[in-house]
Each structure stands twice: as structure tokens, then as C-alpha cells.
Amino acid sequence: MDLFLRKNKCWNNLDPGVRSQVKTAMISCLNDDSFPVRNAAASAVSAIAKIEVPIGLWDSLFDDLNCIVQDPSVRLETKSACIEAIRYICEDLDPDSINDSMSASILLMLLYCLQSSIPTALRDEAIQALNVALDFAGVFMQSPEQCTRVMEAIYSCCQDASLEVQTHAIICLNAVFELFYDVLTPFFPSFYNICKSAITSVSEVAIQACFSLETLAVVEKMRIDNKETCLNLAANCGADLVEVLCIAMTKQHEEDDGETMTVPMAAATCLAAFCEVLKNDVVSIVWPFVSTNINSSNWHLQEASLMIFGCLLHGPDPSYISGLVAEACSILLPLIISGSCIAV
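To start, this report covers the structure provided alongside it. (Residues numbered from 1 in each chain as written. Predicted model: local features only at pLDDT ≥ 70, side-chain atom pairs only at ≥ 80, totals over all residues. Heavy atoms only, no water.)

Broken down by element type, the protein carries 16 helices and zero strands. Across its three principal directions, the C-alpha atoms of the protein cover 80 × 45 × 40 Å. Burial statistics for the protein: of 344 residues in total, 48% are counted as buried. A separation of at least 24 residues holds for 69% of the contacts in the protein among residues at least 6 apart in sequence. If the 18 positive side-chain charges of the protein are averaged to one point and the 42 negative ones to another, these points end up 7 Å apart. (Helix = DSSP H or I, 4+ residues; strand = E, 2+ residues; numbered from the N terminus. Buried < 20%, exposed > 50% of the residue type's maximum accessible area, 1.4 Å probe, protein only. Contact = heavy atoms within 4.5 Å. Lys, Arg positive; Asp, Glu negative; His and termini not counted. Charge placed at Lys NZ, Arg CZ, Asp CG, Glu CD.)

It is worth spelling out helix α7 (residues 120-133) at this point. Between its first and last C-alpha, α7 extends 19 Å over 14 residues, near the 20 Å set by a 1.5 Å rise per residue. The elements touched by buried residues of α7 are α5 (76-92), α6 (100-113), α8 (144-158) and α9 (163-179). (Expected span 1.5 Å × (residues − 1).)

Listed in full, the buried residues belonging to helix α14 (residues 283-293) are V283, V286, W287, F289, V290 and N293. Relative to the axis of α14, the buried residues are bounded by an arc of 165° and lie together on one face. In α14, the exposed positions that point more than 90 degrees away from the buried face belong to S284 and T292. (Arc of directions from axis to C-beta.)

In this structure, L130, I154 and L213 are the most contacted members of the largest nonpolar core, which totals 120 residues. Ranked by the residues each element gives to this core, the list is headed by helix α13 (residues 263-278), at 12 residues. Ignoring any residue separated from it by four or fewer positions in sequence, one finds L213 in contact with F177, F188, Y192, C195, I199, L241, C270 and F274. (Core = buried A, V, L, I, M, F, W, Y, C linked by side-chain atoms within 4.5 Å.)

When you line up the elements, S212 lands in helix α11 (residues 203-225). Here S212 falls in the buried class, since its relative accessible area comes to 0%. Of the polar contacts made by the side chain of S212, one reaches the side chain of N174; its length is 3.2 Å. Leave out the neighbours within four places in its chain, and S212 touches I170, I171, L173, N174 and F177. (Polar contact = N/O pair within 3.5 Å; in protein donor to acceptor, adjacent residues only side chain to side chain.)

The next point concerns the pattern of salt bridges. For the structure shown, the criterion picks out nine salt bridges. Of the charged contacts, one joins E52 and R19 as a salt bridge, the two residues approaching to 3.5 Å between their closest N and O atoms. Here R19 lies in helix α2 (residues 16-29) and E52 lies in helix α3 (residues 35-52), a separation of 33 residues in the sequence. Exposure remark for E52: the relative accessible area of 1% places this residue in the buried category. The residue D33 makes a salt bridge to R75 at a minimum N-O spacing of 3.2 Å. Of this pair, D33 sits in the loop between α2 and α3 while R75 sits in the loop between α4 (61-70) and α5, placing them 42 residues apart in sequence. Each of R19, K23 and E52 takes part in one network of salt bridges that share partners. (Salt bridge = Lys/Arg side-chain N within 4 Å of Asp/Glu carboxyl O.)

Tallying each qualifying case throughout the model produces four aromatic pairs. By the ring-pair criterion, three or more aromatic residues cluster together here, those being F177, F188 and Y192. (Phe/Tyr/Trp six-rings, centres within 6.5 Å; stacked < 30°, edge-to-face > 60°.)

The backbone of K227 sits at a positive phi, close to 60°, despite the residue not being glycine. Within the secondary structure layout, K227 lies in the loop between α11 and α12 (233-248). Residue classification places K227 among the exposed residues on the basis of a relative accessible area of 77%. Despite not being glycine, N232 shows a phi value in the positive range, around 60°. Mapping N232 onto the fold places it in the loop between α11 and α12. Taking relative accessible area as the criterion, N232 reaches 37% and is therefore assigned partly exposed.

Residue placement: V286 occurs in helix α14. Its relative accessible area of 1% is what places V286 among the buried residues. For the pair V286 and D317, spaced 31 residues apart in sequence, the C-alpha to C-alpha distance is 15 Å. Excluding its chain neighbours within four sequence positions, the residues that come into contact with V286 are V242, C246, I308 and L312.

Two packed helices can be described by the angle between their axes and the distance between those axes. Look at α12 against α14: their axes get within 9 Å of each other, and the N-to-C directions meet at 20°. In terms of their interaxial angle, α12 and α14 are classed as roughly parallel. Here α12 runs over α14; the crossing is right-handed. Judged by residue contacts, A239, V242, E243 and C246 of α12 engage I285, V286 and F289 from α14. A class-by-class count of the residues in the contact of α12 with α14 yields six nonpolar, no polar and one charged. (Axes fitted to C-alpha atoms, helices over the stretch in contact; angles between N-to-C directions. Parallel < 35°, antiparallel > 145°, perpendicular 65-115°, else oblique. Left-handed = near helix turned anticlockwise from the far one by under 90°. Nonpolar A, V, L, I, M, F, W, Y, C, P; charged D, E, K, R; others polar.)

What follows is the structure in C-alpha cells.
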């Protein structure tokens, strides 16, 4: 028997009074002085919720946690533990297993914690929880007012003074671009400018910004392939972004091992996705950089141009770039023979 089913059976075989006492105790432990205890309690609450919430045995859970989080007399550590429990629950539960009222309670709780006046530690916990809670937000986001609140909260976190909050907010954009693509138009310019700026900044934030914009390009490529409505967001920002990505790909370090994700690697992944959306239009944007630097004595520029050339092979029609490929090969073959550039 599956482990979860065995746990489920054992839990349901307990006396209802005992189950109630255990749940009360676990909620109480979220207020413990010890972080390991609070962390374990959050996991326990999630484990019980996975069993009971889908069958209607713990309908008060989210309202109870919401009351704790919004109680001004409750200390920060306890509120963070409650939000941690919410994150675990959202990771464990199927979106169809909770009703619209529960979803709304979760999202309103997180929006409360994402206010700029809230301490950084709690905001960071909340933006991480929102990243998984967005799977439950379909009905909630149908309200233009609520949708705007969520988008503005994410945007605010993208500009937070804390790099951790910034990074987690930009990670959250992956879910936004994928799940709420149809309502992106009024919000995308702000999100795009945040990502573009991030790509030129601190490594972890830059990497996540590249991944988020890659997600956008992948979503639009799928919509184009499936003949679904496409907002052409990637195409509209493509020329501007591609130039930024090309520059980011020159930021290699001697100690890069080729396995650890770096900004140039993330930028290359993003560029490849945009090449598949922009197709032939990307050639005129990137080819001047490639042709100028593919034989450069500066290894940063040469390696970047080779990575860009590799990305270029993904999107445009082969017949459109055949002449450029032949031109590049005349340069690449001597490099291969000489072994002077490992990137070839």
C-alpha cells in the first residue's frame, strides 16, 4: 500500500477527539520558542491538512491561520511559521481539493503579509508561499481588483531592498507568466523592466530574471504552435531584451565550471527561447555581435559570440541563415583544428 494511504488510514482510525487534540497541539507548536519545533509543526499541519482538507474535516484551518497572522499581538516568528505551513500545504494539496473560499482565505492572508509595512522576514516567507499558492488562485484572479492586488504585491516585492525577497518575487513571475498569461498586458511592461534591470545586477537575481522571461517565451511559443491567442509580449520586447542578453553572456568568470548555473548560461537559455519566438527577426539583432566577435582575441567576447551563434540555430528558418552559417563555419573550422577555443 502507498505510504500516504497507510498514513491516511492510520490517522482516520484515530478517535476524532484525539485527532482534534493533535491538531490543536500542532497549531500551538507554531508558537514555540524553538525554530526546529516551529518548522516541524508546520510540516505536521501540512501533513494533516493533506488528509483532512480534501474531505472537509478541517474547514476552519485557513481562517484559523489567517486570524493568527493578522493578530497584532502575535510575534513575527509565529506568523512566519503559519505562512511556512501554508506554503507546505499548497505544495502538497491538489488545487481541486480546496474550495474557492479557502483559496481566497489563503491569498488574502498572503497579501496581508506582502504589505510594504510588514517585516522583511515575513514578506520573504509570504512571497515564497505565493509562488505555490498561485496554483489555487484561478477564481480569485478573475476579479480585476484582486488580480491587480496580487500583481502589485509581486511588483512591490521585486523592488524590495532585500535581495532574497527580490529573488523570490522574480521566481514568482514564472507562475504569473504561465498561469495568468491572458491578463498580463497591463502589468507586463513593469515586470519586463524589473527583469531587464535585474539581468544586469546581482547574479542570483539576474539568473532568475532570465528564467522568468524564458518562461514567457516558452508560453508564447506553445500558444503560437497551438494556434491560441498570443499577446506577442516576447516579440514586442525581443529586440531590446536580446541586446541585454548578449551583453550578459559576456560576463563569464575564469572559475566557472560549466555545471554551476551562471548569468551567461541563464542568459543563453533565455536567448534560445526568444530565438524560437522571434525566428528570422532575431538574426539582424544578434548577427552583428556574432560576426564582430566570433574571432575576437578577447575570450569573453568570443565565447559569448559562439554561445549566441548556437542559440541562433534554434529559431530562424535554415534557408534564411544558411549563408551566415557558412560564413561562421569558415571561422570555426580553423578554431577547431587549432584547439584554441574550447567553446567551439
